[in-house]
Amino acid sequence: AASAMARLAAATRPQANDSVRDIAYFYRQFRAGHDRLGVVAYFTLMILGTHAGDGIKEAAKQYRISEVVLRKLSDLSSNKGGPAESRKKPNSAPFTQLEHEWIEQAIKLFIERAGALAANSTTQLPQITMADLPALP
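Turning our eyes to something else, we now look at the overall build of the protein. For the protein, the helix and strand inventory stands at 7 helices and 0 strands. Along the protein, helices and strands appear, N-terminal first, in the series α-α-α-α-α-α-α. A buried classification covers 39% of the 137 residues belonging to the protein. A separation threshold of at least 6 residues defines the contact pool for the protein, and within that pool the share at least 24 residues apart is 60%.

Here the protein shows a mean pLDDT of 86. Residues at 70 or above account for 88%. Note that residues 8–14 has pLDDT below 50 and, in this model, 6 contacts with residues that lie over four places away or in other chains.

Here we take up helix α3 (residues 37–52). Its 16 residues place the ends of α3 23 Å apart at the C-alpha level, agreeing with the 22 Å of an ideal helix rising 1.5 Å per residue. For α3, a buried count of 12 out of 16 residues is recorded, marking the element as mostly surrounded by other parts of the structure. Taken residue by residue, α3 has L37, G38, V40, A41, F43, T44, L45, I47, L48, G49, H51 and A52 as its buried positions.

Here we come to the pattern of salt bridges. Per the counting criterion, the structure on display carries 6 salt bridges. Residue E104 is joined to R31 by a salt bridge in which the shortest nitrogen-to-oxygen separation is 3.2 Å. Within this pair, whereas E104 is found in helix α7 (residues 97–119), its partner R31 is found in helix α2 (residues 16–31), the two being separated by 73 residues in sequence. In this structure E104 comes out as buried when scored by relative accessible area, which is 10%. Accessibility expressed as a relative area gives 54% for R31, which makes it exposed. In this structure, R71 and E67 form a salt bridge, with 3.2 Å as the shortest nitrogen-oxygen distance. With R71 and E67 both in helix α5 (residues 67–79) and 4 residues apart, the pair spans about one turn of that helix. A relative accessible area of 42% means that R71 is categorised as partly exposed. Here the residues in one salt-bridge network are K57, E67 and R71, joined through shared partners.

Before going further, it helps to spend a moment on the packing of α3 against α7. Remark: α3 packs on α7, axes separated minimally by 11 Å, with the N-to-C direction vectors making an angle of 30 degrees. The handedness of the crossing between α3 and α7 comes out as left-handed. Two secondary-structure elements touch here, α3 through L37, V40, A41, T44 and L48 and α7 through H100, I103, E104, I107 and F110. Class assignment of the residues belonging to the contact of α3 with α7 gives a composition of 7 nonpolar, 2 polar and 1 charged.

This next bit is on the packing of aromatic side chains. Here the structure, examined in full by the defined rule, presents 3 aromatic pairs. Between the aromatic rings of Y25 and F26, the centroid separation amounts to 5.3 Å while the plane-to-plane angle is 90 degrees, which identifies the pairing as edge-to-face. Connected via pairs of aromatic rings, a cluster forms that spans Y25, F26 and F43. The ring of Y42 carries the charged tip of R87 above its face, separated from the ring centre by 3.6 Å.

A separate point is α5. Taking 1.5 Å per residue as the helical rise, α5 with its 13 residues ought to reach 18 Å, and the 18 Å between its terminal C-alpha atoms agrees with that figure. Residues V69, L70, L73, L76, S77 and S78 constitute the buried set of α5. Buried-residue contacts for α5 involve α3, α4 (55–63) and α7. For α5, the capping residue at the N-terminal end is S66, with a side-chain oxygen 3.0 Å from the backbone nitrogen of V68. Phi turns positive one or two residues past the end of α5, at G81, with a value near 125 degrees.

Conventions we followed
Counting restarts for each chain: residues are numbered from 1 in the order of the written sequence. Note on the predicted model: pLDDT of at least 70 is required for a residue's local features to be given, and 80 or more for side-chain atom pairs to be given and counted; whole-chain, interface and lining totals, by contrast, use all residues. Side-chain numbers here rest on the full set of heavy atoms in the structure, without hydrogens or water. The helix and strand labels rest on DSSP assignments: H or I over at least four residues marks a helix, E over at least two residues marks a strand, and numbering proceeds from the N terminus. Here the term buried applies to any residue with accessible area under 20% of the maximum for its type, exposed to any over 50%, and partly exposed to those in between, with areas from a 1.4 Å probe on protein chains only. The contact rule is simple, with two residues in contact once any of their heavy atoms fall within 4.5 Å. For every residue, the predictor reports its confidence as pLDDT, a number between 0 and 100. To estimate how far a helix should extend, the number of its residues minus one is multiplied by 1.5 Å. Note on definitions: salt bridges are taken to be side-chain nitrogens of Lys or Arg within 4 Å of carboxyl oxygens of Asp or Glu. Lines fitted to C-alpha atoms define the axes, with helix axes restricted to the stretch in contact, and inter-axis angles between N-to-C directions lie between 0 and 180 degrees. By definition, any crossing whose near helix is turned counterclockwise from its far helix by less than a right angle is left-handed, and any crossing with a clockwise turn is right-handed. Each residue is assigned to one of three groups, with Ala, Val, Leu, Ile, Met, Phe, Trp, Tyr, Cys and Pro labelled nonpolar, Asp, Glu, Lys and Arg labelled charged, and all others, Gly among them, labelled polar. Aromatic rings from Phe, Tyr and Trp, with only the six-membered ring used for Trp, were paired whenever their centres fell within 6.5 Å, and each pair was classed as stacked if the ring planes differed by under 30 degrees, edge-to-face if by over 60, and tilted otherwise. The criterion for a charge sitting over a ring is simple: Lys NZ or Arg CZ within 6 Å of the ring centre, and within 35 degrees of the ring normal. Any N or O atom pair separated by 3.5 Å or less is treated as a polar contact, with the protein-specific requirement of one donor-capable and one acceptor-capable atom, and with residues adjacent in sequence counted only for side-chain atom pairs.

Pasting the structure below:
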């Protein structure tokens, strides 16, 4: 019964190509001025976590992205952004220019990673770490 439940859970999760499509769509909406960066960052984490099955730890494993990177994106998307870009705290401090660049670069790397795995799920990819993104203070 457990294996049947596991197969059912796996069958109902979004496919990697769905993740690529959905994250890319929201990123394009942000670039066109139709959505806030904090919302898109959080949505990206939610999609990766849902596809992997159980949040940040599983997303880190499946997508070979450092948990430190995923947790930093989670922290920024939840606690910063100011009135123009915040997901849930309009009175929070705005993103610095560097944080803004970091978030955008992270989202782009995650789209590329999800796409690479959609194309070949058995490929061995290097882990995405903080060293792959602009240095934050």
